[in-house]
Amino acid sequence: MSPEREVILSLRGVTKEYYGVRAIEDITFDIHKGEIHGIVGENGAGKSTLIKTIAGAIEINGGEIYYKNEKLVCKSPQDAIEKGIGVVYQEFNLFPNLSVYENIFFGVQLKKNGFLDHKAMIKKSEEILHELGFDFDVRSRVSTLSPALQQATEIAKCINHRVELMIMDEPSAPLTEHEVEKMFKLVRKLNESGITIIYISHKLSEILDLTDRISVLRDGHYITCFNTKDVGENDLIRNMVGREIDDIYPAKEYSEKEVVLECKHLSSSKVHDVSFTLRKGEVLGFGGLVGAGRTETMRLLFGADKKDGGTIVMHGKEVTINSPADAVKNGIGLIPEDRKSHGLVLNKDIFLNSILPSITDYSKAGFINFAKASKDVGEYYDRLKVKARGQKHICLNLSGGNQQKVVLEKWLLKDCEVLILDEPTRGIDVGTKQEIYQLIKDLAISGKAIIVISSEMPELIGVSHRILVMHDGCITGELTGDDISQEAIMTLAS
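Report on the accompanying structure. Here the structure is a predicted model, which is why all the values come from computation and not from measurement.

Cut-offs applied
- Residues numbered from 1 in each chain as written.
- Predicted model: local features only at pLDDT ≥ 70, side-chain atom pairs only at ≥ 80, totals over all residues.
- Heavy atoms only, no water.
- Helix = DSSP H or I, 4+ residues; strand = E, 2+ residues; numbered from the N terminus.
- Rg over C-alpha atoms; globule rule 2.2 N^0.38 Å.
- Contact = heavy atoms within 4.5 Å.
- Lys, Arg positive; Asp, Glu negative; His and termini not counted.
- Charge placed at Lys NZ, Arg CZ, Asp CG, Glu CD.
- Phe/Tyr/Trp six-rings, centres within 6.5 Å; stacked < 30°, edge-to-face > 60°.
- Buried < 20%, exposed > 50% of the residue type's maximum accessible area, 1.4 Å probe, protein only.
- Lys NZ or Arg CZ within 6 Å of the ring centre and 35° of its normal.
- Salt bridge = Lys/Arg side-chain N within 4 Å of Asp/Glu carboxyl O.
- Polar contact = N/O pair within 3.5 Å; in protein donor to acceptor, adjacent residues only side chain to side chain.
- Core = buried A, V, L, I, M, F, W, Y, C linked by side-chain atoms within 4.5 Å.
- Pairing = 2+ DSSP bridges.
- Axes fitted to C-alpha atoms, helices over the stretch in contact; angles between N-to-C directions.

1. What about the overall build of the protein chain?
In step 1: Across its full length, the protein chain carries 17 helices and 24 strands.
In step 2: Scaling as 2.2 N^0.38, a compact globule of 494 residues should have a C-alpha radius of gyration of about 23 Å, and the protein chain matches this with 24 Å.
In step 3: Across its three principal directions, the C-alpha atoms of the protein chain cover 70 × 50 × 50 Å.
In step 4: Look at the contacts in the protein chain between residues 6 or more apart in sequence, and 67% of them connect residues 24 or more apart.
In step 5: Taking the 61 positively charged and 72 negatively charged side chains of the protein chain as two groups, their mean positions are separated by 5 Å.

If you want it as structure tokens, here you go:
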């Protein structure tokens, strides 16, 4: 950060209202030129709305934004990027059917003699990516790339537009652990080249590792700003949630009971002879590296993928599960890893999403008992503390944490006996995480049998009574009691 603390972006009383509800209110703070500035807050704190106001994606209702000492007026994201402000969103803003170089040069195509100069754009794209530390075919279609290379394409696009301020929204969310380390080096390299960075993440360890200063938002309001060197994780959490969180993981309570579910020799092209049991009241964790076969195993169990072999037993009786509908009939629910694509109908409201698995339970003679359904949905809506304008709030407009709560709500409403949670807290703030961990514990105490897949080892260890570790589609070991540790999980995972 420059010693004179020159301000590159200034927000003064910025307010945005949706249908009478203020998403952000009277936000006032500065971003210093040359710094990496972290922004933290719970889901629904207003971070996404704030980004969109700066990036020209939405128009503010009140206040003013100044960029390089001039009032910022952007009618579109294109306006913002032309002024030198770029955003790398968690869900990439790329054209999947276009090539890498076509995305990098979208809107600023190079021409020669009146025609597009593809050769020059390819060469320049290769130079930018090489400088960032990436070497791959820029003629590749974006849809064929890994999340890490798509992210590199987004960043290269910003650099090609000569941005001076880059906003990174949850940049580590879609990446593997190795890719995250590479991304950290890239962020520091961009910053050293003179680009000011606003870095938004729910992972407080990243924020504390990367940033110079950290601003905290809560319930749409600006709370405070810290110099990173002077603050710890507990200070951030206390300001984010407005209360102390002493122990994020609830105490484990479990006594071995009868076996509810038994999987025997499940197999597919990605899963090899997987067998395990699950008991009533147990939280069974599945650990392993990305691609180990954990999600694929659960998709076989849930009937989402076709298995080549193996049997599923419920309460000692073999059951046939060839589809998700079969799984639901047998009391099995799945909260998927990708809640947006597989967990919700985003353009529909909370009520409809909540009753989808249970719609036949509320139907009689072809008619749905909407009054009873709405009453039951409302009970879970309150219990899960969903932050929305009511049951008719469209799920697309919810924060990530509240979307996850709606996915949870629909399976709680169905009252499944076995509940599979695949990466249940990915992209979710620490306060909501604690609520979900407590919910997992409460469900287990009530007698539900829970399976949790998580790539965050502290989370996996914190919530599980027993952990199975997978590698290359096989179970490589089981950990219980004092044998559970990050080192033991990594040894079995690799």
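2. Describing the packing of aromatic side chains
In step 1: The tally for this structure, following the rule as stated, stands at 5 aromatic pairs.
In step 2: Relative to tyrosine 222, the ring of phenylalanine 29 lies with its centre 5.3 Å away and its plane at 10°, an arrangement referred to as stacked. Here phenylalanine 29 is found in strand S2 (residues 21–32), whereas its partner tyrosine 222 is found in strand S12 (residues 221–227), with 193 residues between them in sequence.
In step 3: Judged by relative accessible area, which is 6%, phenylalanine 29 ranks as buried.
In step 4: You can call tyrosine 222 partly exposed: its relative accessible area is 26%.
In step 5: For the ring pair phenylalanine 351 and phenylalanine 370, a centre distance of 6.1 Å and an interplane angle of 40° mean the geometry is tilted. With a gap of 19 residues between them, phenylalanine 351 in helix H12 (residues 350–355) and phenylalanine 370 in helix H13 (residues 370–383) connect regions that are remote in the sequence.
In step 6: One residue, lysine 182, lies across the ring of phenylalanine 134, its end atom 4.4 Å from the ring centre.

3. Remarks on the environment of isoleucine 332
In step 1: Checked against the element boundaries, isoleucine 332 lands in strand S18 (residues 332–335).
In step 2: Judged by its relative accessible area of 0%, isoleucine 332 falls in the buried class.
In step 3: In sequence terms isoleucine 332 and alanine 449 are 117 residues apart; their C-alpha atoms lie 9.5 Å from each other.
In step 4: Residue contacts for isoleucine 332: discarding those within four places in its chain leaves Leu301, Phe302, Met314, Ile321, Ala327, Trp411, Cys416, Val418 and Ile420.

4. Notes on the pattern of salt bridges
Note that side chains of opposite charge can pair when their charged atoms are close.
In step 1: In total, this model carries 24 salt bridges according to the counting rule given.
In step 2: The salt bridge involving lysine 157 is made with glutamate 154; its shortest N-O contact spans 3.4 Å. Of this pair, lysine 157 and glutamate 154 both sit in helix H5 (residues 147–160), 3 residues apart, roughly one helical turn. Neither residue differs from the other here; lysine 157 and glutamate 154 are each classed as buried.
In step 3: Connected via shared salt-bridge partners are Glu17, Arg22 and Glu25.

5. Observations regarding the side chain of aspartate 349
In step 1: With respect to the element layout, aspartate 349 can be found in the loop between helix H11 (339–343) and H12.
In step 2: Under the relative-accessibility criterion, aspartate 349 is labelled buried at 13%.
In step 3: Of the polar contacts made by the side chain of aspartate 349, one reaches the backbone nitrogen of leucine 352; its length is 2.8 Å.
In step 4: Here aspartate 349 is in contact with Gln391, Lys392, His393, Ile394 and Cys395, once residues within four sequence places are set aside.

6. What to know about the nonpolar core
It is characteristic of soluble globular proteins that their nonpolar side chains tend to be buried jointly.
In step 1: Among the nonpolar cores identified, the biggest contains 57 residues, and Leu261, Phe276, Phe286, Leu301, Ile332, Ile450 and Ile451 are the most heavily contacted of them.
In step 2: Setting aside residues no more than four positions away along its own chain, leucine 261 makes contact with Phe276, Thr277, Leu278, Leu301, Ile312, Val313, Met314, Val418 and Ile451.
In step 3: Formed by 50 residues, the second largest nonpolar core is a distinct cluster that contains Leu145, Val163, Val180 and Leu204.

7. Brief notes about the sheet that holds strand S21 (residues 418–422)
In step 1: Spatial strand order, S18-S21-S22-S15-S23-S24: 6 strands in an open sheet with mixed pairing. Of all the strands in the sheet, just S18 and strand S24 (474–480) have a single pairing partner and so form its edges. Between one strand axis and the next, the sheet turns by 20° as a mean value, whatever way the strands run.
In step 2: Direction of pairing for S21 relative to strand S22 (residues 449–453): parallel, over a ladder of 5 bridges. Looking at S22, one finds that leucine 419 is bridged to isoleucine 450.
In step 3: Strands strand S15 (283–287), S21 and S22 of the sheet are contacted by helix H15 (residues 430–445), whose axis makes an angle of about 150° with S22.
In step 4: Sitting on the sheet, helix H17 (residues 486–493) is in contact with strand S23 (466–471) and S24, with an inclination near 30° to S23.

8. What to know about unusual backbone geometry
In step 1: Residue histidine 265 is not a glycine yet carries a positive backbone phi of 60°.
In step 2: In this structure, histidine 265 sits in strand S13 (residues 259–267).
In step 3: Histidine 265 gets classed as partly exposed once you look at its relative accessible area, which sits at 47%.
In step 4: Of note, the phi angle at aspartate 415 is positive, near 60°, even though the residue is not glycine.
In step 5: Along the chain, aspartate 415 turns up in the loop between helix H14 (400–414) and S21.

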